[in-house]
Amino acid sequence: MKNKGRKSFTTDVLLETLLQLSNKGCDDFMTFFSEYCKDHGIDKISIQKKKKSVFVADLTKAFKEMSDDQFVAMWSNFKTISYQAIEYLTEARNSSSQADLPRCLDLLEAMCVICLASLEVDPTLDDFILVIVILHGCLLDFEKHSHNLASNIAVLCFEYWSNDSNNDVDICSNTLIFFLNLILQNNFSSKDANFTAAIAFKYMCSMKEVLPVLLAEKKKVSEDEENEENSSNEEAHSIREDLDLDTVQELSELIMACSSNAHVLANPHGRKFFAAAFVTVDENLMKKIHNHLASFLTIHPSHFNMEHLGQLYQLSWMLADDDIKPKFEDYCVQDVMYRSVRTPRGRSHNHKSPFTSMQTLLKTMFRHKTSVQLIHMVARLYDPFIWRALQAANAVVRANALTLLFDVFPLRLEALSVIKQEEFLINQVKSISNCLLDPNPQVRTIAVTGVFKMFNLFWNILHSCNLAKIFQDLYGKLAFDVSSDEVRESVLTGSTLLLSNPASHELLKKILPSINACINDASEKVRLAFGELLLKVQTISTIMFWDVCPVEKIFRQIEHDRPAVCKRLNSLLIPSFFPKGKSFGVWVQRCIHFYTKTPTGARKFYFHVATDYDITSIGNLIKSINRFVFHNVRKSILKAKSNAPGEDDDDDEEDDDKMEEDQEAGEKENTATVVVDDPDTIAGLLETIAILWPSYLKRVKASTRGGEVPEEEIEINKELVKLTLNELSKTVRICLKSFSTNRMHHVLIELASVLDPSIIKSFSRTVIPKLRSLPQTAPRAYYSMLIRCASRWKWGNQVLELILDWLDASYTAATASKTDKRRSKKPGASSSRKKRVAFAEIPNESRPEQALRYLTCFIEDMDVSSNKVKVSTDVLLSICKCLYRAIVECSARVSGNDEEQSLKSWTDKMLIDALYLHLHILGDCYIITSRKGNKAGSGDVKKAEEILKDIEQVLDLVIEKLVTNQNHFDITMNASTLAGCGASAGGSWKDPGMLLKSISLSRSCVEVVLNNLLNLIRCNVPITKQCLHFLLPLIECRTQLDKHIRLFTCLFHEVLQSHVLFDWTMKDEVPPPPSSPPQHDGPQQQPQLVNCEEIMTIFQQILDTLALFARNSPDSFQSLMKDEVRKKLRLSIKFVYDLCKDSKKVNLFYKLISSKVLYSVISDLAEVEKNSSTATADEVMTLTSVDDLPLFSGNFLPILCSTVGEVEYILSDCLPNVMKDMVESGEGDNAAATIHSRADVARALVELLTNIVKPTDNGDAASKPSKGKKHVLGKTVDLSTTTTI
């Protein structure tokens, strides 16, 4: 069907059809085009997208085959059809029925296509031009009803205007207005858009030539208006001119609006168009556009891209003719310069500020310095005010003027001769040098930075200036400026920049050594700048960095400086200690030299080198150091044997045999000829291996996975690792035999931990015995290294078994001594025993204190924490059983029961440590078994459940023995109570000191338990129920709650978060059975909340405790709220509020918790009002701001109401229910008075919250929130300033 329709519209048929249609009316014309569009599948005819279509081509061919008379007659009829279509549109718009409106619009779209096709035939025909004029006049009206028709008319008018035979600007005004509106709307991404942004800008830019003609009509019309009284008979003509005046006014306003549009300025065609509008029309429009743009320049942050705006001004200057260019320079360019000098800037010279934007604009404007005319223009415009600004009283003005002067230096005036120009240059340098000693540090910093940039660029032309004085000020005064570290930094940064100019090297070689004290500057950024200066000097062949700063100073600075500075200094020393082209023996000798100067600095240096230098070179250095150490130690042993031939060395026969085998290979491979006998130097070399080896091994493994390193190099590194490990084992064995200093022992243990224990049996078989034989006074640094070494060898179970033996021996010894005492008390016990012969077993020592130290080191050491997963959980659980006895002992001591105390040798600190380790190990065991249970099966899951039961058992014991069993938590510590404590406790306490000691022990144990519970629940161990069961009895003890309120609050937050996420939201609510009928009578059943009552009880106790703190100890309350308490309470309430809309259970809980807070706040306000001495009976409480609230309420109201949504929720739902509950619960004689007082308080609170929600009147408040204001859902809510009710 579609193909048949296309064949019917051949050129001949189309010609005949058009001739017939031209003699008919609008209805037949619209019918023809609707059939054509339907036949070709076209919904809308768009000239922009279809102007190359087959239909336009067919129409053009048909028009060309017409005779002139036929073409004129056709357009005469088309003109009539156009008039009829416009009349139809007018009638359709005025009538209530608009059924014919779409058909009329489609007809005019078809007329646009016919006009476009006729352009190539005869564009000078009067009727044809009249139709285009008609369409142009209706263009802006059609834009509101049919964007497609308006786009077609605009393109048609543009094509007609751009035709070579037509230059009529009468059809350009509305077209240009249409394109400007289209660009301002910036709606090119929609589906209905007929243009892309690039095409729209291209059309607009192409019409910039008509701007002078269109905008000049305004002046012409205004002159005609003055003579309007003399030409009263031309009323119709004056009406048309008024319409033209409106069009010109609208065009001017659109140009002003587009000129400040960032999207328009970002387009090159847009900048060309507005540059033409800027300078090619008249002076008044130029001033208006500039004033409009200038109003946005000093806004920070500006929505402009200042580079685009600078390009606009530069392009306008280039397009301006000789008549308007001086006016543009004086009024626009110089005004921008003048505004820039007086624009605010940041405190620092590199701080982003409005001045930075203005500077970018001017830099872009003057970027093309190749134009001599532009250079002279800049000097002429700056000359009247720049020198006066350099001497202004305001430091900001001086800083701005100096910055702008450096950007355009040197200024050159066109009227000056060569001699005068040189004098002008000298005066410029003199003015700049005077700014070096400005009293303001910021001006001095800018002057120093600019002077060095100036010298770097124009060193050769500044020889006639007084450079000696300038350099004397720079390096004699400003390099040591005490008042500003930025000035000192700028001197060093500028010197680094000046070194890029080879002409300055001769002078700087003499000057730079005078500022080497900057390496010890108190400011880190000055030291960083000096390090960068030395790195720059290193790249220059004429200056040596050790001439600028002695190497000894660099060594000392590396020893104690921060990593950022040390990194630069280390990079400076790498070529010296890793010299290319030298043998590895030279590298070793320089390493020895480094350690003799500063051991700490050497260690820092090699830490830095380990991750940054070449992998193969690092491996060869490790191998060379290892062979050097082995060679020296072996020679020392041989020398000692030769001096004492009668001594035997039977203890290390195996090492002696291997030493003889490796002697020949060591002499061949080792290149070092110097024998070093200093143990500290040997220890330093071994420390270097210990530092380099871990990073080297990681990098070798990473290179095999990355694929960036060649395979040959990978194989070389692997072989090097194997060889080094083999040789390192020999070195460790021989050093362990030869040296006994602590430093050497530590580094050898560290090296041995990376080796296979089977190849160093002489040391590995002594690790566990050494741990067993160490005295209790052994430092942690020593036994921690042995434990780390054993863990890396996967001997963690042996360490734990040793700890378990010591703990078992402690308990066994205590039980045995107790049994012996009982036996000795038996009557008739014989004192004589029979003699027996047997092999005596070596008993395990009772060393519980050292066992706890070892266990703490194993649990907390960061290096072996990953190895805890590899140990047996059975051993850890066995240790927990031993530690549980210590917890029982702790409860016996707290209760004061001497008969149950069995671990007399354990101190209170040991018992507390045992409790901490017990809970910590149980948590680790649960995490380990739960991870294994996810992979293995149900066995580990059952073990995890048993671990949870053990944790619950410990908590029950603490509650029973340390909390609820005794009443010493709430004892008032005064003399009378202490005196009668023995009687009150049934004689359990012998003196008050024992009671105080037990109270202290109980509080410490509770603190340890709370901290461990907090850590366990943060590690996702499911103990929320256990935590609740532990906290509920504990909150009844006021002294414990007061002591640990911070931990209580943190633990409450974690428990609440766990319930909200898992028990109240993730678990689906069980629906009622389908068989049960719906119940309409009675109140709706509330959703059940698991453990809600317990959580609310804990929260209420926290509120009561904090309220008591606020009344009795305001300072303690403030310190608590500044701590983590305020943050956790706010997070808890916010967390529940954010989820209350998604869950009915959480919504119910939020009502409960907010009601509790509101009740406490109202009660606190009523109590304060009641106790106030200035309040009268008839006076009503007024609250104008949060500052008027008491201490407790003033802290908790922002916690509850920090967003607009929360405030509105409180006002609408919570506060009325709270007041209702207060009225219902009122009892007694004073109940009415109490309710009335609380009602007044609630009324004042409602007024305060209502005023808080109101937005502030100041429009800038949202963009510039001051102190004391909170952002509430995008609004600024004032919580501190006084608000009148």
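Small disclaimer: the values here were computed from a predicted structure and weren't measured.

Side note on the overall build of the chain
Argument step 1. Counting its secondary structure elements, the chain contains 59 helices and two strands.
Argument step 2. Looking at the chain as a whole, 49% of its 1285 residues qualify as buried.
Argument step 3. If you take every contact in the chain between residues at least 6 apart in sequence, the share linking residues at least 24 apart comes to 76%.
Argument step 4. Total accessible area on the chain stands at roughly 64400 Å², and carbon and sulfur atoms take up 51% of it.

Focus on the packing of aromatic side chains
Argument step 1. In this structure the tally under the stated criterion is 42 aromatic pairs.
Argument step 2. Pairing Phe278 with Tyr313 gives two aromatic rings, centres 5.4 Å apart and planes at 65 degrees, and the pair type is edge-to-face. Residue Phe278 is located in helix α16 (residues 268-279), and its partner Tyr313 is located in helix α18 (residues 306-319); the two are separated by 35 residues in the primary sequence.
Argument step 3. Among the residues examined, Tyr313 registers a relative accessible area of 0% and is labelled buried.
Argument step 4. A centroid spacing of 5.8 Å and a plane angle of 50 degrees characterise the contact between Trp693 and Tyr696, whose relative ring orientation is tilted. One end of the pair is Trp693 and the other is Tyr696, both in helix α37 (residues 679-706) and three residues apart, which spans about a single turn. Across this residue pair, the class does not change: Trp693 and Tyr696 are buried.
Argument step 5. Taken together through their ring pairs, the aromatic side chains of Phe555, Phe577, Phe578, Phe584, Trp587, Phe594, Tyr595, Phe605, Tyr606 and Tyr613 make up a single cluster.
Argument step 6. Taking NZ or CZ as reference, Lys287 lies 5.1 Å from the ring centre of Tyr331, over its face.

Observations regarding unusual backbone geometry
Argument step 1. Cis geometry is found at the peptide bond from Phe409 to Pro410, where omega equals -5 degrees.
Argument step 2. Structurally, Pro410 can be placed in the loop between α23 (395-408) and α24 (418-434).
Argument step 3. Positioned with a positive phi, Lys794 is a non-glycine residue whose angle comes to about 65 degrees.
Argument step 4. Its location among the elements puts Lys794 in the loop between α42 (780-792) and α43 (796-824).
Argument step 5. Residue class for Lys794 comes out exposed when judged on its relative accessible area of 64%.

With respect to a negative patch on the surface
Argument step 1. Together, Glu711, Glu712, Glu715 and Glu719 make up a negatively charged patch on the protein surface.
Argument step 2. Take Glu712: it is sitting in helix α38 (residues 711-738).

What about helix α10 (residues 147-162)?
Argument step 1. Across its 16 residues, α10 extends 22 Å between first and last C-alpha, which sits within 8% of the 22 Å expected from 1.5 Å per residue.
Argument step 2. For α10, a buried count of 13 out of 16 residues is recorded, marking the element as mostly surrounded by other parts of the structure.

A look at the side chain of Ser260
Argument step 1. In this structure, Ser260 sits in the loop between α14 (235-259) and α15 (262-265).
Argument step 2. Given a relative accessible area of 12%, Ser260 falls into the buried group.
Argument step 3. From its side chain, Ser260 meets the backbone oxygen of Ala257 in a polar contact 3.2 Å long.

Here's the deal with the packing of helix α51 (residues 1024-1034) against helix α54 (residues 1092-1112)
Argument step 1. It is the contact of α51 with α54, at a shortest axis distance of 10 Å, that shows an interaxial angle of 45 degrees. On the basis of the axis angle, α51 is oblique to α54. Note on packing geometry: the crossing formed by α51 with α54 is left-handed. Each of Leu1028, Leu1031 and Leu1032 in α51 lies in contact with α54, whose residues at this interface are Glu1094, Ile1095, Thr1097 and Ile1098.
Argument step 2. When its residues are assigned to classes, the contact of α51 with α54 shows five nonpolar, one polar and one charged.

A word on the packing of helix α12 (residues 197-206) against α16
Argument step 1. Look at α12 against α16: their axes get within 8 Å of each other, and the N-to-C directions meet at 20 degrees. Overall, the two elements α12 and α16 adopt an arrangement that is roughly parallel. Both α12 and α16 take part in a crossing whose hand is left-handed. Packed against α12, whose contacting residues are Phe201, Lys202, Met204 and Cys205, the element α16 presents His269, Gly270, Lys272, Phe273 and Phe274 at the interface.

Description of the nonpolar core
Argument step 1. Among the nonpolar cores identified, the biggest contains 370 residues, and Trp75, Phe366, Tyr382 and Phe578 are the most heavily contacted of them.
Argument step 2. By residue number, the principal contributor to this core is helix α7 (residues 101-118), which donates 12 residues.
Argument step 3. Setting aside its immediate chain neighbours within four residues, Tyr382 contacts Met337, Leu362, Phe366, Leu404, Val408 and Leu411.

Observations concerning the pattern of salt bridges
Argument step 1. One pass over the structure, following the stated rule, counts 34 salt bridges.
Argument step 2. The partner of Lys469 in a salt bridge is Asp473, with the nearest N and O atoms 3.2 Å apart. A residue pair is termed a helical-turn pair when its members lie 3 or 4 positions apart in one helix, as Lys469 and Asp473 do in helix α26 (residues 467-476) at four residues.
Argument step 3. A relative accessible area of 39% places Lys469 in the partly exposed class.
Argument step 4. With relative accessibility at 3%, the residue Asp473 sits in the buried group.
Argument step 5. One continuous salt-bridge network, built from bridges that share partners, spans Arg603, Asp680, Glu687 and Arg743.

Describing a nonpolar patch on the surface
Argument step 1. Together, Tyr83, Leu130 and Val133 line one region of the surface with nonpolar side chains, adding up to about 230 Å² of accessible area.
Argument step 2. By the secondary structure assignment, Leu130 is in helix α8 (residues 126-137).

Some remarks on the confidence of the model for the chain
Argument step 1. Counting all residues, the mean pLDDT for the chain is 77, and 74% of those residues have values of 70 or more.
Argument step 2. Considering only residues more than four positions removed or in separate chains, one finds that residues 836-842, a stretch of pLDDT under 50, has zero contacts.

Topic: the environment of Ser740
Argument step 1. Counting through the fold element by element, Ser740 comes out in the loop between α38 and α39 (742-752).
Argument step 2. Considered as a pair, Ser740 and Pro679 are 61 residues apart in the sequence and their alpha carbons are 9.5 Å apart.

Observations regarding helix α45 (residues 873-895)
Argument step 1. A rise of 1.5 Å per residue sets the reference length of α45, with its 23 residues, at 33 Å; its end C-alpha atoms lie 33 Å apart and thus fit the reference within 8%.
Argument step 2. Across the 23 residues of α45, 17 count as buried, placing the element largely inside the fold.
Argument step 3. Just beyond α45, the residue with positive phi is Gly896, at close to 80 degrees.

A closer look at the environment of Leu1189
Argument step 1. Relative to the helices and strands, Leu1189 resides in the loop between α56 (1144-1171) and α57 (1191-1200).
Argument step 2. What makes Leu1189 buried here is its relative accessible area of 8%.

Looking at the environment of Ala1110
Argument step 1. In this fold, Ala1110 is placed in helix α54.
Argument step 2. C-alpha of Ala1110 to C-alpha of Asn1195: the two residues are 85 residues apart in sequence and 10.0 Å apart in space.
Argument step 3. Setting aside residues no more than four positions away along its own chain, Ala1110 makes contact with Phe1117, Leu1191 and Phe1192.

Quick notes on the rules
Residues numbered from 1 in each chain as written. Predicted model: local features only at pLDDT ≥ 70, side-chain atom pairs only at ≥ 80, totals over all residues. Heavy atoms only, no water. Helix = DSSP H or I, 4+ residues; strand = E, 2+ residues; numbered from the N terminus. Buried < 20%, exposed > 50% of the residue type's maximum accessible area, 1.4 Å probe, protein only. Contact = heavy atoms within 4.5 Å. Areas by Shrake-Rupley, 256 points an atom, 1.4 Å probe, with all protein chains shown as cover. Phe/Tyr/Trp six-rings, centres within 6.5 Å; stacked < 30°, edge-to-face > 60°. Lys NZ or Arg CZ within 6 Å of the ring centre and 35° of its normal. Patch = residues over 30% accessible without salt bridge, like charges linked within 9 Å, V, L, I, M, F, W, Y side chains within 5 Å. Salt bridge = Lys/Arg side-chain N within 4 Å of Asp/Glu carboxyl O. Lys, Arg positive; Asp, Glu negative; His and termini not counted. Charge placed at Lys NZ, Arg CZ, Asp CG, Glu CD. Expected span 1.5 Å × (residues − 1). Polar contact = N/O pair within 3.5 Å; in protein donor to acceptor, adjacent residues only side chain to side chain. Axes fitted to C-alpha atoms, helices over the stretch in contact; angles between N-to-C directions. Parallel < 35°, antiparallel > 145°, perpendicular 65-115°, else oblique. Left-handed = near helix turned anticlockwise from the far one by under 90°. Nonpolar A, V, L, I, M, F, W, Y, C, P; charged D, E, K, R; others polar. Core = buried A, V, L, I, M, F, W, Y, C linked by side-chain atoms within 4.5 Å. pLDDT = per-residue confidence, 0-100.

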